[in-house]
Amino acid sequence: MSKTLINTFASKLVAWHAISGRSGLPWQGNRDPYAVWVSEIMLQQTQVATVLERYPRFMERFPTVKKLACADIDEVLAEWAGLGYYSRARNLHACAKQVMTEFGGQFPSDPILLEQLKGIGRSTAGAIAAFAFHERAPILDANVKRILARLFAIEGAMQDKKINDRLWDLAIDLLPTKPTDMPVYTQALMDFGATWCMSRKPVCLGSEKKCPFTKDCQANLSNQVLLLPQKTKKTKSPEFDCNMLLMRSGNSILLQKRPSKAIWGGLWSLPEGPWTPRIAREKVIEISPQELFAATLPEEKLAALTKAFKSLKRAEEIKHVFTHRRLWMQIWQVSAPKELVFLNPDLKWVPLAQLGRHGLPQPIKLLLQGLNLVRGDDLKN
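These lines cover the structure that appears in this document, whether it is placed above or below. Quick caveat, the model's predicted, so the values are computed rather than measured.

## Quick look at empty space enclosed by the protein
Per the stated rule, a full pass over the model turns up 2 cavities of 30 Å³ or more. Roughly 130 Å³ of internal volume is contained in the largest cavity. Taken together, 15 residues line the largest cavity, and the ones lying closest to its centre are Phe 192, Cys 197, Cys 204, Cys 211 and Cys 217. Of the residues belonging to the lining of the largest cavity, the class tally is 12 nonpolar, 2 polar and 1 charged. Counted as a void, the second largest cavity has a volume near 50 Å³.

## Concerning the nonpolar core
With 102 residues, the main nonpolar core has Tyr 34, Trp 37, Phe 58 and Leu 355 as its most contacted residues. The dominant element in this core, judged by the number of residues it contributes, is helix H2 (residues 33-43), at 7 residues. If we skip the residues at most four places from it in the chain, Leu 355 touches Ile 253, Leu 255, Val 350, Leu 360, Leu 368, Val 374 and Leu 379. By size, the runner-up hydrophobic cluster in this structure holds 15 residues, among which are Leu 297, Trp 332, Leu 340 and Trp 349.

## Some remarks on the environment of Cys 95
One can find Cys 95 in helix H6 (residues 87-102). Considered as a pair, Cys 95 and Ser 249 are 154 residues apart in the sequence and their alpha carbons are 38 Å apart. Each residue touching Cys 95, except ones within four places of it in the same chain, is listed here: Trp 37, Leu 117, Lys 118 and Ile 120.

## Brief notes about the pattern of salt bridges
A full pass over the atoms with the stated rule returns 10 salt bridges. The residue Asp 191 makes a salt bridge to Arg 22 at a minimum N-O spacing of 2.8 Å. Pair noted here: Asp 191 is in helix H11 (residues 182-195) and Arg 22 is in the loop between helix H1 (3-20) and H2, with a separation of 169 residues, a long-range link. Judged by its relative accessible area of 0%, Asp 191 falls in the buried class. Look at Arg 22 and you get partly exposed, because its relative accessible area is 24%. It is possible to trace a salt-bridge network through shared partners that takes in Arg 57, Arg 61, Glu 75 and Glu 79.

## Observations regarding the pairing of strand S2 (residues 252-257)
Two faces, one strand: in a regular strand the side chains alternate between the faces of the sheet. For S2, the tally of buried residues reaches 5 of 6 residues, placing the bulk of the element in the interior. Connecting the antiparallel pair strand S1 (residues 239-249) and S2 is a turn made up of 2 residues, with Gly 250 showing a positive phi of about 65°. Strand direction decides the pairing type here: S2 and strand S7 (residues 347-351), joined by 5 bridges, are antiparallel. Each residue of the ladder has a partner; that of Gln 256, found in S7, is Leu 347. Bridge count for S2 against strand S3 (residues 268-269) is 2 bridges, and the pairing is antiparallel. Counted as the bridge partner of Gln 256 is Ser 269 from S3.

## So, unusual backbone geometry
As a rule of thumb, non-glycine residues mostly have phi less than zero, and peptide bonds are mostly trans rather than cis. In this model, Leu 228 is joined to Pro 229 through a cis peptide bond whose omega is -5°. Here Pro 229 is to be found in the loop between helix H12 (218-221) and S1. Although it is not a glycine, Gln 45 sits at a positive phi angle of roughly 60°. By secondary structure assignment, the location of Gln 45 is in the loop between H2 and helix H3 (48-61). Residue classification places Gln 45 among the exposed positions, given a relative accessible area of 54%. A positive phi is found at His 134, a non-glycine position, where the angle reads about 55°.

## Let's talk about the packing of H2 against helix H8 (residues 122-133)
Packing of H2 against H8 brings their axes to within 9 Å, and their N-to-C directions diverge by 145°. Relative to H8, H2 is oriented so that their crossing is right-handed. Contacts between H2 and H8 pair Pro 33, Val 36, Trp 37, Glu 40 and Ile 41 from the former with Thr 124, Ala 127, Ile 128, Phe 131, Ala 132 and Phe 133 from the latter. Classifying every residue of the contact of H2 with H8 gives 9 nonpolar, 1 polar and 1 charged.

What counts, and at which threshold
- Residues numbered from 1 in each chain as written.
- Predicted model: local features only at pLDDT ≥ 70, side-chain atom pairs only at ≥ 80, totals over all residues.
- Heavy atoms only, no water.
- 1 Å grid on protein atoms, 1.4 Å probe; cavity = no way out; pocket = protein on both sides within 12 Å on 5 of 7 lines; lining within 4 Å.
- Points joined across faces, edges and corners; volume = space filled by probe spheres on them.
- Nonpolar A, V, L, I, M, F, W, Y, C, P; charged D, E, K, R; others polar.
- Core = buried A, V, L, I, M, F, W, Y, C linked by side-chain atoms within 4.5 Å.
- Buried < 20%, exposed > 50% of the residue type's maximum accessible area, 1.4 Å probe, protein only.
- Helix = DSSP H or I, 4+ residues; strand = E, 2+ residues; numbered from the N terminus.
- Contact = heavy atoms within 4.5 Å.
- Salt bridge = Lys/Arg side-chain N within 4 Å of Asp/Glu carboxyl O.
- Pairing = 2+ DSSP bridges.
- Axes fitted to C-alpha atoms, helices over the stretch in contact; angles between N-to-C directions.
- Left-handed = near helix turned anticlockwise from the far one by under 90°.

The analysis is restricted to geometry; functional conclusions fall outside its scope.
What follows is the structure, encoded as structure tokens:
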């Protein structure tokens, strides 16, 4: 390990950021721990361009941790709709309540205490502590792991505990000595990984830009830049089929609230049948409406809908790609003569004009727009 690199890394990185780092992002330069926390959670697994649009809107809707804690979870999920990974929104809501009840509405400055909050891991805790409180706390997201693996030629899977522990030790060793340098250093680390030391096209390969660590980077010196960090072999994503029911009664449609721990957890979607492994078939298998949705609608309501189901119409099939699976949704349309009353609170009729108040999965939004049932503006709460 190069002691020279350890001692000069922070100063070189900060100098690089002054010239080539990102600036003008709405969450930059903010010492409000609430604002920092929201931006960090939103930036996880979401492109910066998308966050640039959605972050200001979220902060306008929930400007303080108290506002977020007092909001109904459906409001939060509706505002989060389209950003994906909805457990983040549920954790935001739960964490806001925790900050209010356990810390009197004030985020703690200690990263160890921050890490005890719902949905905040060690790296996010470090980012909040560094940006908001100038604490000498490290971060270690995927971008930083890539930087360190290349700089120090660290081989092995990043998920391996020994490798991960070594990366954390390096992240601590590289911190600047002055706490006041922590915000710009942490931002520089994020920017360098996102815009220069990228996974597929780092600037050190085929670019006129000169990396400040060209002479220090072990991966560059040994021609292993694209080989590090080592990638794990991906398995083929499983594919599933499910039937979804688009039931209308006048200007309302029937929605079903999804289980909190399921995909699209806590969102309102169309009632659906069970997911089954997708099997290639040459012809459509005919099945009765009762069989399609017996697990979704109460038995006594199925009997009441027998007449309505006679007009059940097969609509389009939608393919939606998740991170680790693919889902083929067969939509079935039917009109009900009246809004049946359901005892199950997870089933309810929602007027089309009020859909924007409910968090809907993105493919369901697109489906309703494609069928000309709603306009895009109608889905904004």
